[in-house]
Amino acid sequence: MTLTEKDVRYVAELAHLELTDEEVKKFLPQLDSILQYMQKLNELDTTQVEPMAQVIYASKENPALRPDQPRKTFAGQDEALANAPESGAGCFKVPHVIERE
Amino acid sequence: MLLTRMDPTTLTIDQIRSALTAREISAEELTRAHLVQIERKDPEVRSYLSVCGERAVAQARKIDGLIAQGDPLPRLAGVPVAVKDVILTRGLQTTCASRILENYLAPYDATAVERLESAGAVILGKVNCDEFAMGSSTENSGFFPTHNPCDLTRVPGGSSGGSAAAVAANLATVALGSDTGGSIRQPAALCGIVGMMGTYGRVSRYGLVAFASSLDHIGPFGRSVRDVAVTLETIAGRDPKDSTSAEVPVADYVAALDQDVRGLKVGVPNEYFKGLNPEIGDNIQQGIDLLAKLGCEVVPISLPHTDYAIGCYYIICMAEASSNLARYDGVRYGFRASEPTELRAMYKKTRNQGFGAEVKRRIMLGTYVLSSGYYDAYYLKAQKVRTLIARDFVEAFDDVDVIVTPTSPIPAFKLGERFEDPLQMYLADIYTVTASLAGIPGISVPCGKTRGGPRLPVGMQILAKHYDEARLLQVAHAFEKAGGFEIA
């Protein structure tokens, strides 16, 4: 096994997931077997190869930039808050933050 | 056209147009016929998550208004469409088949949806999929699985299983789905219909809930190549709201359909046939033989990095997904866990309760491969392998015009059969992830049925180089006209 329970809990923490103990035990072999499979890529020598971060095609102008002009998006603040689980005074409301030790 | 003899839910886009123009049926009657069909058949198929009857009838009445005035009809006037629930539809529930977005009402329309409605299409509702488009069977939906209309005990494929099933069961004329690693092409194959993914950037992703941003596409499903061509033409094209959408002008796909395929070179990559189930392989071979009979030259080719595509694809898509799904935290929209009284605890409980198992697996693996100490070994490595895979295609297209492969190594499997082993599920994507990694367009067309036991649809995939959608549609259409869909 490449992965340990500690690794799974660490990664879950980074990803803001609070897994139950049962979930950690269930996921561990699954995640491990997938990661093992991914090792296959090491069979390839990629020292001379450029990474491909985005599939971009040549075009005359660069279409990815536009003038920095604000456009109308939401009709108003109410629309932006419409799906909020809790809101008030024009803001999204959330539980308070406690300082970590 | 003697429409009275034809079931209105089996009509093509062109037949709808003729029938409306000839006043054989009204757009409202056509819409209601579909809504009734959904009520009758969907309890078994379970393709729809929500039906928007009011919006549909209102749009249909608008079209009927144009007909009454004798005005020219827009391209998709009255055509009933189902939209995958990862695509935003203003004012309607858009859940991504996830409990974390169970009550989310989209504040805007995706560009693809806007373009369909401007062209007169009637949105019937939102259809089921794997949660956040992660899966190959629609069994990962946070609500319920969809059933394959060809055999209700089997999966329709995924992640756009609802879209494929709706079209296959005549519950919509065409549907929109999304394809990241095969999520349009594979369900099209498993349900026996046509599904197409254009070049990356061909269709705007504005309003498509992001899964893996360098791999996601929106694309159409239909029962004929022509319907898919018309739909793609309607939704494709530059959108200033999607910075990755291509500047390249949209070709006339419909004009391309009837062009002769004689002399075209069809590449057959040996890697896609190694160890292939003969139930599938035989049909694809017959499909290739048919193309040869039509005058195509069949050329054996090699795509040497094929074996590495699954590993490469899953590292990249999981990494991108872990980033894209960070936004679901219970703050601005969606589900929020009510018990926690502290912010970070709220994030963690919300996400753990709101997301299903497959989504959690992918977020965790994505986080892992991007984390300090592992980034180079996994993510950077995968990006380099991606270059090699893309290069395989560039080189192949120097020698051939299109490439033909099976779409899926297996036909529709039974619900629950592959659910327990995630890696097994991933390995079945082997023929479709390569095109996504390379950014090239691909289409799946029906290629007969299996003969060993139950008769299940087999799909044949055709690939072309960047922006050569017209070529794909040309070959697919010739194949359809020559009887390819019923080849076995």
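Structure's up top.
This one's a predicted model, so the numbers in the text were calculated from it and none came from an experiment.

Definitions and limits used
- Residues numbered from 1 in each chain as written.
- Chains lettered and ligands numbered in written order.
- Predicted model: local features only at pLDDT ≥ 70, side-chain atom pairs only at ≥ 80, totals over all residues.
- Helix = DSSP H or I, 4+ residues; strand = E, 2+ residues; numbered from the N terminus.
- Rg over C-alpha atoms; globule rule 2.2 N^0.38 Å.
- Buried ≥ 20, exposed ≤ 12 C-beta atoms within 10 Å, placed from the backbone.
- Contact = placed C-beta atoms within 7 Å.
- Arc of directions from axis to C-beta.
- Nonpolar A, V, L, I, M, F, W, Y, C, P; charged D, E, K, R; others polar.

1. Remarks on the overall build of chain B
Line of reasoning, step 1. Secondary structure assignment for chain B yields 16 helices and 11 strands.
Line of reasoning, step 2. Here the C-alpha atoms of chain B give a radius of gyration of 21 Å, agreeing with the 23 Å that 2.2 N^0.38 yields for 488 residues.
Line of reasoning, step 3. By principal-axis analysis of the C-alpha atoms, chain B measures approximately 65 × 55 × 45 Å.
Line of reasoning, step 4. Relative to its full complement of 488 residues, chain B shows a buried share of 62%.
Line of reasoning, step 5. The contacts in chain B between residues at least 6 apart in sequence include a share of 75% that link residues at least 24 apart.

2. Description of helix 1 (residues 5–14) of chain A
Line of reasoning, step 1. For helix 1 of chain A, the full list of buried residues reads Val8, Val11 and Ala12 of chain A. End-on view of helix 1 of chain A: buried residues confined to an arc of 105°, all on one side of the axis.
Line of reasoning, step 2. Buried residues in helix 1 of chain A make contact with helix 2 (21–38) of chain A together with helix 12 (357–370) of chain B.
Line of reasoning, step 3. Phi turns positive, to about 55°, at His16 of chain A, one or two residues after helix 1 of chain A.

3. Looking at the environment of Glu486 of chain B
Residue and element names in this part refer to chain B.
Line of reasoning, step 1. Within the element layout of this structure, Glu486 appears in the segment after helix 16 (469–481).
Line of reasoning, step 2. Note on Glu486: 10 C-beta atoms within 10 Å, which makes it exposed.
Line of reasoning, step 3. As a C-alpha pair, Glu486 and Tyr104 span 382 residues in sequence and 42 Å in three-dimensional space.

4. Section: the interface of chain B and chain A
Line of reasoning, step 1. In this complex, chain B contributes 55 residues to the contact, which on the side of chain A involves 43 residues.
Line of reasoning, step 2. Those elements that provide at least two residues to the side of chain B that touches chain A are helix 10 (309–324), helix 11 (343–354), helix 12, helix 13 (376–399) and helix 14 (422–427) of chain B.
Line of reasoning, step 3. Counting residues per element, the side of chain B that touches chain A draws most heavily on helix 13 of chain B, at 11 residues.
Line of reasoning, step 4. Across the side of chain B that touches chain A, the residue classes break down as 29 nonpolar, 13 polar and 13 charged.

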